[in-house]
Amino acid sequence: MPPMTLNDWLARIELMHPTVVEMGLERVQAVRRRLGLAPSFPIIVVGGTNGKGSVCAMLEAMLAAAGYRVGCYTSPHLLRYNERVRVDRGEASDRELCESFADVERARGDVSLTYFEFGTLAAVALFVRADVDVAILEVGMGGRLDAVNAFDADCAVITSVDIDHVAYLGHTREAIGFEKAGIFRSGRPAVCAAPSPPASVRAHAAAIGADLLEIGRDFDFRCNRLNWRFRRTGAAPLVLPYPQLRGAFQLSNASAAIAALSHLSDRLPVPEGAIRAGLVSASVSGRFQVLRHEPAVVVDVAHNPHAAAALARNLDGLTAGGRNLAVFAMLADKDIDGVVEALKDRIDEWLVADLQEPRGASAVDLARTLRSHGVERCLGGFDRPGLAYRHALEHLAAPGDRVIVFGSFHTVADVLREDATEAASPPRSILRAVPA
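In this text, all values refer to a predicted model and were calculated from it rather than measured experimentally.

1. Observations concerning the overall build of the protein chain
- From N to C terminus, the protein chain includes 15 helices and 17 strands.
- Taking 2.2 N^0.38 as the reference for a compact globule, 436 residues should give roughly 22 Å; the C-alpha atoms of the protein chain span a radius of gyration of 22 Å, in line with that estimate.
- Its C-alpha atoms put the protein chain at 60 × 60 × 40 Å along the principal axes.
- Scored against the burial criterion, the 436 residues of the protein chain give a buried share of 57%.
- Residue pairs at least 24 apart in sequence account for 74% of intrachain contacts in the protein chain once pairs closer than 6 positions are excluded.

2. As for unusual backbone geometry
- Residue Pro76 is reached from Ser75 by a cis peptide bond, and omega for that bond is -10°.
- Omega for the peptide link from Glu294 to Pro295 comes to -5°, which places this bond in the cis form.
- For Arg89, which is not a glycine, the phi torsion comes out positive at approximately 65°.
- Structurally, the position occupied by Arg89 is in the loop between strand 3 (85–87) and strand 4 (90–91).

3. Details of the environment of Ser255
- You can see Ser255 is positioned in helix 9 (residues 250–262).
- Residues Ser255 and Ile215, spaced 40 residues apart in sequence, show a C-alpha to C-alpha distance of 8.1 Å.
- Not counting the four nearest positions on each side in its chain, Ser255 is found in contact with Phe219, Asp220, Phe221, Trp228 and Phe230.

4. Focus: the sheet that holds strand 4
- Spatially, 4-3-2-5-1-6-7-8 is the arrangement adopted by the 8 strands of the open sheet, whose pairing is mixed. Two strands lie at the open edges of the sheet, namely strand 4 and strand 8 (211–214), each paired on one side alone.
- In this structure, strand 1 (residues 43–47) lies alongside strand 5 (residues 134–138), joined through 4 bridges in parallel fashion. For Val45, the partnering residue across the bridge sits in strand 5 and is Leu137.

5. Focus: the side chain of Glu214
- Relative to the assigned elements, Glu214 resides in strand 8.
- Among all residues touching Glu214, those that are not within four sequence positions of it are Cys192, Pro197, Arg202 and Phe219.

6. Some words on the pairing of strand 15 (residues 349–353)
- Of all 5 residues in strand 15, 5 are buried, a share of seventy percent or more.
- The alternating pattern of strand 15 places Glu349, Leu351 and Ala353 and Trp350 and Val352 on opposite faces, both of which are buried.
- A crossover connection joins strand 14 (residues 324–328) to the parallel strand 15 through helix 12 (residues 336–343); in handedness this β-α-β unit is right-handed.
- Sheet topology note: the strand 15/strand 16 (residues 378–382) ladder contains 3 bridges and is parallel.

7. Points about the pairing of strand 17 (residues 402–406)
- Counting buried residues along strand 17, 5 of its 5 residues qualify, which places the element largely inside the surrounding structure.
- Residues Arg402, Ile404 and Phe406 line one face of strand 17 and the alternating positions Val403 and Val405 line the opposite face, and both faces are buried.
- Pairing of strand 14 with strand 17 involves 5 bridges; the strand directions are parallel. By the bridge assignment, Val327 is partnered in strand 17 with Val405.

8. Here we look at the pattern of salt bridges
- Under the defined criterion, the tally for this structure stands at 31 salt bridges.
- The salt bridge partner of Arg384 is Asp414, with a shortest N-O separation of 3.0 Å. Of this pair, Arg384 sits in the loop between strand 16 and helix 14 (385–396) while Asp414 sits in helix 15 (residues 409–420), placing them 30 residues apart in sequence.
- With a relative accessible area of 27%, Arg384 lands in the partly exposed category.
- The exposure class assigned to Asp414 is buried, which follows from its relative accessible area of 10%.
- In the salt-bridge network here, residues are joined through shared partners; they are Arg384, Arg390, Glu394, Asp414, Arg417 and Glu418.

9. A few points about helix 15
- With 12 residues, helix 15 should cover 16 Å at 1.5 Å per step; its first-to-last C-alpha distance of 17 Å lies within 8% of that length.
- Listed as buried for helix 15 are Phe409, Thr411, Val412, Ala413, Asp414, Val415, Leu416 and Glu418.
- Buried residues along helix 15 sit against strand 12 (289–293), strand 13 (296–299), strand 14, helix 14 and strand 17.
- The N-terminus of helix 15 is capped by Ser408, whose side-chain oxygen sits 3.0 Å from the backbone nitrogen of His410.

10. Details of the nonpolar core
- If you look at the biggest cluster of nonpolar residues, it comprises 61 residues, and the most contacted ones within it are Phe101, Phe127, Leu137 and Phe184.
- Once residues lying within four places of it in the same chain are set aside, the contact partners of Phe101 are Leu6, Trp9, Leu10, Ile13, Tyr81, Phe118, Gly119 and Ala122.

11. Brief notes about the environment of Ser100
- Looking at the element boundaries, Ser100 is found in helix 4 (residues 94–108).
- On the basis of relative accessible area, Ser100 is assigned to the buried category, the value being 0%.
- Taking the C-alpha atoms as reference points, Ser100 and Met4, 96 residues apart in sequence, are found 12 Å from one another.
- Apart from residues lying up to four places away in sequence, Ser100 is in contact with Ala122, Ala125, Leu126 and Arg129.

12. Re the sheet that holds strand 9 (residues 219–223)
- Strand order in the open sheet formed by 3 strands is 9-10-11, and the pairing between neighbours is antiparallel. What marks the edges here is a single partner per strand, and that holds for strand 9 and strand 11 (238–240). Along the sheet, successive strands turn relative to each other by an average axial angle of 25°, direction set aside.
- Taken together, the 3 bridges between strand 10 (residues 228–232) and strand 11 define a ladder with antiparallel strand orientation. What sits directly across from Phe230, in strand 11, is Leu238.
- Sitting on the sheet, helix 10 (residues 272–281) touches strand 10 and strand 11, and the angle it makes with strand 11 is about 30°.

Rules of the game
Starting afresh in each chain, residues are numbered from 1 along the sequence in its written order. Local features in this predicted model are restricted to residues whose pLDDT is 70 or higher, and side-chain atom pairs enter the listing and the counts only when it is 80 or higher, whereas totals over whole chains, interfaces and linings include all residues. With hydrogens and water stripped out, all remaining heavy atoms of the structure feed into the side-chain values. Helix and strand definitions here come from DSSP, where helices need a minimum of 4 consecutive H or I residues and strands a minimum of 2 consecutive E residues; each element is numbered from the N-terminal end. What the globule rule says is 2.2 Å times the number of residues to the power 0.38, and the radius of gyration is computed from C-alpha atoms. Only protein chains enter the accessibility calculation, which uses a 1.4 Å probe; a residue whose area is less than 20% of its type maximum is buried, one above 50% is exposed, and one in between is partly exposed. Whether two residues are in contact is decided by their heavy atoms: any pair within 4.5 Å suffices. Paired strands are those between which DSSP finds at least two bridges. When the strands point away from the viewer, a crossover counts as right-handed if the path from the first strand over the helix to the second runs clockwise. Each reported salt bridge corresponds to a side-chain nitrogen of Lys or Arg within 4 Å of a carboxyl oxygen of Asp or Glu. Helix span, expected: 1.5 Å multiplied by one less than the number of residues in the helix. Pairing of N or O atoms within 3.5 Å defines a polar contact, subject to two protein rules: one partner must be a possible hydrogen donor and the other a possible acceptor, and residues neighboring in sequence count only if both atoms are side-chain atoms. Only buried residues count toward a nonpolar core. Its members are Ala, Val, Leu, Ile, Met, Phe, Trp, Tyr and Cys residues joined through side-chain atoms within 4.5 Å. For every element, the axis is a line fit to its C-alpha atoms; helices are fit only across the contacting stretch, and the angle between N-to-C directions ranges from 0 to 180 degrees.

Keep in mind that these numbers describe shape and distance, not what the molecule does.
Here is the structure:
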């Protein structure tokens, strides 16, 4: 095969499988065996509806602060594929990724892999080559039939269980909980940070003999103005600084990460100082991330009602005064009604935009949904979120106002690119009328 760039590889694997998503482990397991991928390092698998990326980042930061060489695989990325695969908290290089993609390509033979399956195998192969001490793998969708589940978790974490990806995972928390609990392994710790978890999570853990650890029962947290305390059964509480990651819900994520590490301490001891250092250094792009301060700009990848409700609570914690201007774009197969309902009372004016993606909802459809929920101040539509963002900054936002960007990873990514090139001349016409 002639030399290929990373972009060449990404274009190739995007077209390799007839569908973007095909649940099941048969294909990825077959190629894993051909690659001889049997990692000797401990693996922490992180699943859940929301909060996976934050827990991965905290685990990565804490383990790195303890001196371990950490591999971390997350998805999706915002600006560069390299964001998905990190070693020692640094993004994998194009060369390293291309080498791993070539390994998978040589091994797969006539097996057709999805984009995510190909990338998952390549990431683990890269971690083996890099001789990491521990790997953190984020589930892409669900858990039981996700490509990451081809690798046995030494500790599994479920961050939350809520309604999302219903076409693949089911329409109820019970059905979705069962899919997510599929990452548990017999005799190994399984940490659940979802309050009041579905009975299916507990039932599956009991059926396979996993050591289920629930928030509120086996571990918990308390907070005050200066610090917070992590507590687990049978151990002295830890008094800890607040995480760098913003939002009250991050304490639940942090507790899940600490609980996971506490139950791997025989193989991966992490001192309290490393936990503290990890909390204050972990960061994740696009999760209630503040880009600017005057006017304030906050970007958040919230793309389902559970995440939108968390964003609403975070907005309530911001300084009073000024308006909240929303730059809003979503994928059409997401619960747009649920996201709008969660945030409609926190937003003063909405700027709606198309997503230039095959699954993207149109600005017209978004505006129609907003009006059906009683939203009157809706401006648009824009050809893409970045143009709506520029319009908000240049024509609407006054001192004290806030621009809130949310609805999809694609929405945030486009605004991040626009923010990086804001000095460019604005287009003549970026706003078009949305039919009433």
